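Okay, here's what each chain looks like letter by letter:
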Amino acid sequence: MDPQFAIARGPTPRVLVADADAETRSLYRQTLHAAGCDVLEAADGRDALAKALSRPPSLVVTEALLPFIDGYALCALLRHDSGTRAVPILMVTAETRPIELARARAAGANVVLVKPAATGLLLNEMRRLLTQTNELRGRSRAIREQVAAQLKKAADLIERSAAHQRSLARRHERYATRTPPFRPPQLVCPVCEVPLHYEQSHIGGVSSHQTEQWDRFSCTALCGTFEYRHRTRKLRKST
Ligand SMILES: [Zn+2]
């Protein structure tokens, strides 16, 4: 492939050439092959439409006059289908009247070239159309990646927040310890006045900033167990 003629970077472009004349198609094929493109050929509009719809090409080059379905109708039909709506179309016509050129553009042709268009001009236009589509594809890929990154970030935040909630919930749970933050007081049994035996403390509360301590005591004379709450400094018989 001659780099001078290279049409587009990235994946090999597939160009659909619709022309009733075999010699013209052969000329296009050689030129496009030299430019690094895959070429699909159609001798009439019906065949071109079927090929384009079954697998949308990167570019359509069509003659205005085609058997069965002409170039104008082909443009309109391709523009109507969601699969081929964005495929660039280059129309080549022998018509030079402005009204015919306007008609081609109205039908959906991106570029209209008047025959006989020089190969260089044709290639330039094809290169321009293919580059445009590549840029659009690149842009939409960048947007997709950006959206994916945002979603990932949101998911991470949600996960981190959930983990934080879980850790808070754990922290607020009561836990038992024999080495509590506040020293358990020396108490006597409110029933028999024998010194109470310290067993353990419970640490907990409604939030991590408001932890509380309860000390659990038992009476050695078997009056029962008691709980001392540090915040209220009250001893209660526990159930
Ligand atoms: Zn007692």
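Since this is a predicted model, take the numbers as computed values, not measurements.

Asks: Mind showing me how you'd approach the overall build of the protein chain here?
Replies: A tally of regular secondary structure across the protein chain gives five helices and 10 strands. For the protein chain, with 239 residues in total, the buried portion stands at 37%. Excluding contacts between residues fewer than 6 apart, the proportion of contacts in the protein chain whose partners are at least 24 apart in sequence is 52%. When the accessible surface of the protein chain is summed, it comes to about 14,800 Å², and 55% of that surface belongs to carbon and sulfur atoms.

Asks: What should I look at first to understand the coordination of the zinc ion in this one?
Replies: Working reference: metal with six octahedral donors, ideal angles 90 or 180 degrees; metal with four tetrahedral donors, ideal angle 109.5 degrees. Listed as protein donors to the zinc ion are C189 (SG), C192 (SG), C219 (SG) and C223 (SG); their distances from the metal cover 2.2 to 2.3 Å. Geometry at the zinc ion is tetrahedral, judged from the four donor atoms that bind it and their angles of 107 to 112 degrees at the metal. In primary sequence terms, the donor set of the zinc ion follows C-x2-C-x26-C-x3-C. Of the two residues, C189 sits in the loop between strand 6 (175-177) and strand 7 (196-204) while C223 sits in the loop between strand 8 (212-219) and strand 9 (225-229), which places them 34 residues apart along the sequence. Residue C223 is classed as partly exposed on the basis of its relative accessible area of 22%.

Asks: Sorry, what's going on with the pattern of salt bridges here?
Replies: Opposite charge on two side chains permits pairing when their charged atoms draw close. As enumerated under the stated definition, the model contains 11 salt bridges in all. Across the pair E199 and R216 runs a salt bridge whose closest N-O atoms are separated by 3.4 Å. On the criterion of sequence distance, the pair formed by E199 in strand 7 and R216 in strand 8 is long-range, its members being 17 residues apart. Put simply, E95, R97, E100 and R103 are held in one network by salt bridges that share partners.

Asks: It is not clear to me how the pairing of strand 9 should be interpreted in this structure. Could you clarify?
Replies: Direction of pairing for strand 8 relative to strand 9: antiparallel, over a ladder of five bridges. In the strand pairing of strand 9, S218 is matched with T225. Bridging between strand 9 and strand 10 (residues 234-237) involves four bridges; their strand directions are antiparallel. Bridge pairing links F226 to K237 in strand 10. Between strand 9 and the antiparallel strand that follows it, strand 10, lie four residues; R233 among them carries a positive phi value of about 55 degrees.

Asks: Would you mind going over the packing of aromatic side chains with me for this structure?
Replies: Aromatic ring pairs are reported here in terms of the distance separating the ring centres and the angle at which the planes meet. Scanning the model with the defined rule gives one aromatic pair in all. Judged by centre distance (5.8 Å) and plane angle (65 degrees), the ring pair of Y198 and F217 falls under edge-to-face. Here Y198 is found in strand 7, whereas its partner F217 is found in strand 8, with 19 residues between them in sequence. The class for F217 is buried, based on a relative accessible area of 1%. The aromatic ring of F68 is capped on one face by R46, whose charged end is 3.9 Å from the ring centroid. Sitting over the face of the ring of Y72, R103 holds its NZ or CZ atom 3.7 Å from the ring centroid.

Asks: Help me understand the side chain of H202 in this model?
Replies: Turning to its location among the elements, H202 is positioned in strand 7. Other than its neighbours up to four places away in sequence, H202 contacts R174, Y175, A176, E212, Q213, W214, R216 and E227.

Asks: Before we go on, may I ask you to explain the side chain of D215 in this structure?
Replies: Position of D215 relative to the elements: it lies in strand 8. At 2.6 Å, the side chain of D215 forms a polar contact with the side chain of S201. A distance of 2.9 Å separates a polar atom in the side chain of D215 from a polar atom in the side chain of Q213. Every residue in contact with D215, bar those within four places of it in the chain, is listed here: P184, P185, Y198, Q200, S201, F226, E227, Y228 and H230.

Rules of the game
- Each chain has its residues counted from 1, following the order in which its sequence is written.
- pLDDT decides what is reported in this predicted model: residues at 70 or higher carry local features, side-chain atom pairs at 80 or more are listed and counted, and totals for whole chains, interfaces and linings draw on all residues regardless.
- As a convention, hydrogens and water are excluded, and side-chain values are obtained from all of the structure's heavy atoms.
- Helix and strand definitions here come from DSSP, where helices need a minimum of 4 consecutive H or I residues and strands a minimum of 2 consecutive E residues; each element is numbered from the N-terminal end.
- The buried label goes to any residue with under 20% of its type's maximum accessible area, the exposed label to any with over 50%, and the partly exposed label to all in between, with areas taken from a 1.4 Å probe on protein chains only.
- Here, residues are in contact when the closest pair of their heavy atoms is within 4.5 Å.
- All accessible areas in this document rest on Shrake-Rupley with a 1.4 Å probe, and a residue is counted as covered only by the protein chains that are shown.
- Here a donor is any nitrogen, oxygen or sulfur atom (N, O, S) within 2.8 Å of the metal, with 3.2 Å used for Na, K and Ca; water is not among the atoms considered, so some sites may look incomplete.
- Any coordination sphere not matching a tetrahedral pattern (four donors, all angles between 85 and 135 degrees) or a square planar or octahedral pattern (four or six donors, opposite donors over 155 degrees apart, other angles between 65 and 115) is reported as irregular.
- In the sections that follow, a salt bridge refers to a side-chain nitrogen of Lys or Arg positioned within 4 Å of a carboxyl oxygen of Asp or Glu.
- When DSSP finds two or more bridges between a pair of strands, those strands are recorded as paired.
- Side-chain rings of Phe, Tyr and Trp (the six-membered ring for Trp) are treated as a pair once their centres are within 6.5 Å; stacked means planes under 30 degrees apart, edge-to-face means over 60, and tilted covers the remaining angles.
- Consider the ring centre and the ring normal. A charge sits over the ring if Lys NZ or Arg CZ is within 6 Å of that centre and within 35 degrees of that normal.
- N or O atoms within 3.5 Å of each other form a polar contact, as long as, within protein, one can give a hydrogen and the other can take it, and as long as residues adjacent in sequence are counted only when both atoms are side-chain atoms.

That's the geometry; what it means functionally is another story.
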